[in-house]
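Here is what each chain is made of, one letter per residue.
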Amino acid sequence: MENPEDIRTGYSAVFPGPNTEEKRLFFRVYRRRWFVLLVLCLLNCSNATIWLTFAPVANQSAQYLKVGLDEINWLSLVFMVVAIPLSFGTTWMLDTLGLRITLILGSWLNMLGALLRFLGTLRVESVKIQYPLVMGGQTLGALAQPLIIFAPTKLAALWFPDHQRATANTIASMSNPLGILLANIISPVMVETSAQIPNLLLAYMVPACIICLLATLGIRSSTPPTPPSAGAESSSSEPFVQGLKLLLINRPYLILLLCFGSGIAIFTCFSTLLDQILCVQGYTNDFAGLCGALFIVFGIVGAGALGLYVDKTKKFIEALKINLSLSSLACIAFSVVSLMPQQKVAVASVCSVFGLLGFSIYPVAMELSVECSYPVGEATSAGFIFISGQVQSVVYIIVLQTLTKRLADSPLSTCGDAVLSWRVPVMVMAGLCTFFTCCFLLFFNTRYRRLEAEERAAHNRRNDSTTSPRW
């Protein structure tokens, strides 16, 4: 039988008294929570590598699969197309069917997608099935993505005590950009010629199979035997449809939905268009890849530091407003230095700062979405933030690409035949980032509903324990 760790969550600051031991509420957490978190992190990382397998080696992939670059781009874009409509069902599944079923289903879809992609490398001379099979595998991976990406907030709420929730959410959430980073490193290293594509797909398939086994056999329940906090006891207390109605009349949540969704869209545009923006001024693909890597690495570091800080202080609003403001300044700085040639140090530094400040707010904003919408289910409140970001990402990318202008002459360009001016689009991107940051600073304010509910539960339990008869 598993030996739990006893965690004492102190409420003496809320209910002061001469004997602080009588003012404390005891909850129990289990070491197994770290295993569940590990499985989710590995699954999130694996899914991200499957998502961006082909983007860093697009030319070799097109040659091997005998298709054009547009078809290769769709192997990544299918994730965004599938995620938006499927996200609505995923929020219901997590809050209704539970974490275990959702993660196991996600691991199987992820594994079957990786397997189908590898089968697509088998050559059949008479029938051209390679690309359809690979696209089918990518589609299965895309189906798995919302099941995985929406899970961190739910996992943190159900398995971790209140002083570890933001940290757990940060670790699980940041495993996705870590997977993106690994894909951008592993794919170019393993694939120098098109003939090495099968080896690459095999390398991504093996971890997916192992992770599926760990999830299926290792995750034995959606919740621990006893809750780690008062909030976990009443998690998902509102039915799904009723939760949606509550969100639609929750003004702070709607502001967060719009403003932080715009923030997600800005970072998606930055990651997607970085190479195209920099190549106009003569920066190479390798340098753009370095800037993208710095953006992710510093973002993971920033998220870890801010998650620990918020866990200790519970200053969600202050942390989010400060970091959003600084991120907007970094975005403005990027819109300036990205238009300057021969400024590698400045461009790399700005990308690093942008990642450090911008990536760090993602898990904090997801936790804040739960705090301001409680008792709506965690997957529902956090999931619709993600959906907002995906929808706005599609709109922003289309708008920014429309605003580009073809340049007749650009002697520094390393872009190839089509050279586009990104001066106006990057200014618009900085303007959008600044506008929605100002809206958030001016109009957003909320109570921490979940923390308040936990304090009330502690107070009620303390009263029950003092008034119950003793025989």
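Further up the page is the structure itself.
Residues numbered from 1 in each chain as written. Predicted model: local features only at pLDDT ≥ 70, side-chain atom pairs only at ≥ 80, totals over all residues. Heavy atoms only, no water.

## A look at the overall build of the protein
Working step 1: Along the protein, the regular secondary structure elements total 18 helices and four strands.
Working step 2: Across the protein, the fraction of contacts at a sequence separation of at least 24, relative to all contacts at a separation of at least 6, is 82%. (Helix = DSSP H or I, 4+ residues; strand = E, 2+ residues; numbered from the N terminus. Contact = heavy atoms within 4.5 Å.)

## As for the pattern of salt bridges
Any two side chains of opposite charge can pair, given that their charged atoms come close.
Working step 1: By the definition in use, this model includes four salt bridges.
Working step 2: Put simply, Arg165 and Glu371 hold a salt bridge, and the shortest N to O gap is 4.0 Å. Placement of Arg165 in helix α7 (residues 165–190) and of Glu371 in helix α15 (residues 361–373) is noted, with a sequence separation of 206 residues between them. Across the pair, Glu371 and Arg165 agree in class, each one buried.
Working step 3: Of the charged contacts in the structure, one is a salt bridge between Arg450 and Glu371, with a shortest N-O distance of 3.2 Å. You can see Arg450 sitting in helix α18 (residues 449–467) and its partner Glu371 sitting in helix α15, a full 79 residues away along the chain. (Salt bridge = Lys/Arg side-chain N within 4 Å of Asp/Glu carboxyl O. Buried < 20%, exposed > 50% of the residue type's maximum accessible area, 1.4 Å probe, protein only.)

## Here's the deal with empty space enclosed by the protein
Working step 1: Within the structure shown, the criterion is met by one cavity of 30 Å³ or more.
Working step 2: Its volume calculated, the largest cavity comes out at about 70 Å³.
Working step 3: As for the largest cavity, its lining consists of Cys259, Ser262, Gly263, Ile266, Phe267, Leu324, Ser327, Ile361, Cys433, Phe436 and Thr437.
Working step 4: Within the residue set of the lining of the largest cavity, elements represented by two or more residues are α11 (251–279), α13 (316–337) and α17 (423–443).
Working step 5: Counting residues per element, the lining of the largest cavity draws most heavily on α11, which supplies five residues.
Working step 6: Of the residues assigned to the lining of the largest cavity, the class counts are seven nonpolar, four polar and no charged. (1 Å grid on protein atoms, 1.4 Å probe; cavity = no way out; pocket = protein on both sides within 12 Å on 5 of 7 lines; lining within 4 Å. Points joined across faces, edges and corners; volume = space filled by probe spheres on them. Nonpolar A, V, L, I, M, F, W, Y, C, P; charged D, E, K, R; others polar.)

## Considering the packing of helix α1 (residues 32–51) against helix α5 (residues 130–149)
Working step 1: Relative orientation of the contacting elements α1 and α5 amounts to 145°, with a least axis distance of 10 Å. Classified by chirality, the crossing of α5 by α1 is left-handed. Here α1 contributes Leu40, Leu43, Asn44, Asn47, Ile50 and Trp51 to the contact with α5, which in turn contributes Gln138, Gly141, Ala144, Gln145, Ile148 and Ile149. (Axes fitted to C-alpha atoms, helices over the stretch in contact; angles between N-to-C directions. Left-handed = near helix turned anticlockwise from the far one by under 90°.)

## Some remarks on the environment of Asp275
Working step 1: By the secondary structure assignment, Asp275 is in helix α11.
Working step 2: A residue is classified by how much of its surface remains accessible, and Asp275, at 31% relative accessible area, is partly exposed.
Working step 3: Residues contacting Asp275, with those up to four places away along its chain left out, are Asn285 and Ala288.

## Here's the deal with the nonpolar core
Working step 1: Of all hydrophobic cores here, the largest spans 130 residues; its most connected members are Leu278 and Phe334.
Working step 2: Looking at this core element by element, the count peaks at 16 residues for α11. (Core = buried A, V, L, I, M, F, W, Y, C linked by side-chain atoms within 4.5 Å.)

## Describing the side chain of Asn176
Working step 1: Tracing the chain through its elements places Asn176 in helix α7.
Working step 2: What makes Asn176 buried here is its relative accessible area of 11%.
Working step 3: Beyond its immediate sequence surroundings of up to four residues, Asn176 is in contact with Asn44, Ala48, Trp51 and Ile149.

## Some details on the environment of Trp92
Working step 1: You can see Trp92 is positioned in helix α3 (residues 69–96).
Working step 2: The exposure class of Trp92 is partly exposed, given its relative accessible area of 36%.
Working step 3: When the C-alpha atoms of Trp92 and Ala379 are compared, they prove to be 7.7 Å apart, with 287 residues separating the residues in sequence.
Working step 4: Dropping the residues within four chain positions of it, Trp92 is found in contact with Leu97 and Phe240.

## Digging into the packing of aromatic side chains
Working step 1: Here the structure, examined in full by the defined rule, presents 16 aromatic pairs.
Working step 2: Plain terms: the ring middles of Phe267 and Phe354 are 4.9 Å apart, the flat faces sit at 35° to each other, and that makes the pair tilted. You can see Phe267 sitting in helix α11 and its partner Phe354 sitting in helix α14 (residues 344–358), a full 87 residues away along the chain.
Working step 3: By relative accessible area, Phe267 is classed as buried at 16%.
Working step 4: Using a relative accessible area of 1% as the deciding quantity, one classes Phe354 as buried.
Working step 5: Summarising the aromatic geometry, the rings of Tyr283 and Phe287 are spaced 5.2 Å apart at their centres and angled 25° between planes, so their arrangement reads as stacked. (Phe/Tyr/Trp six-rings, centres within 6.5 Å; stacked < 30°, edge-to-face > 60°.)

## Considerations on unusual backbone geometry
Working step 1: The omega angle of the peptide bond from Tyr374 to Pro375 is 15°, so this bond is cis rather than trans.
Working step 2: Structurally, Pro375 can be placed in the loop between α15 and α16 (378–402).
Working step 3: Positive phi, close to 60°, is recorded for Lys66, a residue that is not glycine.
Working step 4: The residue Lys66 is located in the loop between α2 (58–65) and α3 in this model.
Working step 5: Notably, Lys314 is not glycine yet its phi reads approximately 60°, a positive angle.
Working step 6: Structurally, the position occupied by Lys314 is in the loop between α12 (285–313) and α13.

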